[in-house]
Amino acid sequence: MEAPDGRFAAQCLIWLDDRNAVGELEPVGTLPEFRRLGLARAVCLAALHATRDAGAREAVVYPVIGVPKFPAALPLYRDLGFRPYARTLTCTRTRCRIPPSSGPASPEGAHQRT
């Protein structure tokens with residue numbers, strides 16, 4: 001959504017998995033001076049309607065929870081009708097060195113990340 005001065009006041013991107021008829025909503029953002037005006041809701045609804053028109057039967061979103069920088073994310077998604085259905089646990093690795101492989105690489109050429 002464009003602000004009067006030409007900047008993007010609010011934006012939303014949605015990915016369509018047409019094989020499974022699922023849209024994935026992310027990221028959503030609103031410039032601080034345009035928050036609390038309903039713009040994030042408007043761009044999300046436009047994206048969800050476009051995805052539905054393209055064949056999606058459901059949509060998912062993976063909100064950032066517990067981060068002070070994004071306090072309005074979860075209430076926004078709940079207001080749009082999203083409901084929790086699963087929990088994920090994010091794991092990170094702090095070591096910079098990758099241990100030696102114990103066997104041959106996979107045929108798909110998978111890579112380990114640090």
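All of these numbers come straight from a predicted model, not from anything done at the bench.

Some remarks on the overall build of the chain
Turning to step 1, where the next piece is worked out: A tally of regular secondary structure across the chain gives two helices and three strands.
Turning to step 2, where the next piece is worked out: In sequence order, the chain lays out its α and β elements as β-β-α-β-α.
Turning to step 3, where the next piece is worked out: With 114 residues in all, the chain has 21% of them scored as buried.
Turning to step 4, where the next piece is worked out: As displayed, the chain offers around 9,300 Å² of accessible surface, 56% of which is attributable to carbon and sulfur atoms.

Topic: the nonpolar core
Turning to step 1, where the next piece is worked out: Ranked by size, the top nonpolar core spans 11 residues in total: Leu 25, Ala 40, Cys 44, Ala 47, Leu 48, Val 61, Ala 73, Leu 76, Tyr 77, Leu 80 and Phe 82.
Turning to step 2, where the next piece is worked out: Among the secondary structure elements, those contributing two or more residues to this core are helix H1 (39-53) and helix H2 (73-79).
Turning to step 3, where the next piece is worked out: For this core, the element with the most residues is H1, which contributes four residues.
Turning to step 4, where the next piece is worked out: Membership of the second largest hydrophobic core comes to six residues, among which are Ala 3, Ala 10, Leu 39 and Val 43.

Here's the deal with the confidence of the model for the chain
Turning to step 1, where the next piece is worked out: When pLDDT is averaged along the chain, the result is 83; 83% of the residues meet or exceed 70.
Turning to step 2, where the next piece is worked out: Taken element by element, the predicted model of the chain shows its lowest mean pLDDT in H2 (90) and its highest in H1 (96).
Turning to step 3, where the next piece is worked out: Predicted confidence for residues 106-114 stays below pLDDT 50, and this span has six contacts to residues more than four positions away or in other chains.

Observations concerning the pattern of salt bridges
Oppositely charged side chains are able to pair whenever their charged atoms sit close together.
Turning to step 1, where the next piece is worked out: Using the criterion set out here, one finds four salt bridges in the structure.
Turning to step 2, where the next piece is worked out: Its salt-bridge partner being Arg 7, residue Glu 33 comes within 2.5 Å of it at the nearest N-O pair. Residue Glu 33 is found in the loop between strand S2 (22-30) and H1, and its partner Arg 7 is found in the segment before strand S1 (10-17); the two are separated by 26 residues along the sequence.
Turning to step 3, where the next piece is worked out: Relative accessible area serves as the criterion here: at 35%, Arg 7 is assigned to the partly exposed category.

Remarks on the sheet that holds S1
Turning to step 1, where the next piece is worked out: Spatially, S1-S2-S3 is the arrangement adopted by the three strands of the open sheet, whose pairing is mixed. Of all strands in the sheet, those bounded by a partner on one side alone are S1 and strand S3 (58-61). For this sheet the average axis-to-axis angle between neighbouring strands, irrespective of direction, equals 30°.
Turning to step 2, where the next piece is worked out: For S2 and S3, the ladder comprises four bridges, and the chain directions are parallel.

What to know about the side chain of Thr 30
Turning to step 1, where the next piece is worked out: Turning to its location among the elements, Thr 30 is positioned in strand S2.
Turning to step 2, where the next piece is worked out: Overall, Thr 30 belongs to the buried group, its relative accessible area being 14%.
Turning to step 3, where the next piece is worked out: The contacts of Thr 30, once residues within four sequence positions are left out, are Ala 9, Ala 10, Arg 35 and Ala 40.

Quick notes on a nonpolar patch on the surface
Turning to step 1, where the next piece is worked out: On the surface, a nonpolar cluster with roughly 220 Å² of combined accessible area is contributed by Val 64, Val 67 and Phe 70.
Turning to step 2, where the next piece is worked out: Within the secondary structure, Val 64 is located in the loop between S3 and H2.
Turning to step 3, where the next piece is worked out: Residue classification places Val 64 among the partly exposed positions, given a relative accessible area of 40%.

Conventions we followed
Residues numbered from 1 in each chain as written. Predicted model: local features only at pLDDT ≥ 70, side-chain atom pairs only at ≥ 80, totals over all residues. Heavy atoms only, no water. Helix = DSSP H or I, 4+ residues; strand = E, 2+ residues; numbered from the N terminus. Buried < 20%, exposed > 50% of the residue type's maximum accessible area, 1.4 Å probe, protein only. Areas by Shrake-Rupley, 256 points an atom, 1.4 Å probe, with all protein chains shown as cover. Core = buried A, V, L, I, M, F, W, Y, C linked by side-chain atoms within 4.5 Å. pLDDT = per-residue confidence, 0-100. Contact = heavy atoms within 4.5 Å. Salt bridge = Lys/Arg side-chain N within 4 Å of Asp/Glu carboxyl O. Pairing = 2+ DSSP bridges. Axes fitted to C-alpha atoms, helices over the stretch in contact; angles between N-to-C directions. Patch = residues over 30% accessible without salt bridge, like charges linked within 9 Å, V, L, I, M, F, W, Y side chains within 5 Å.

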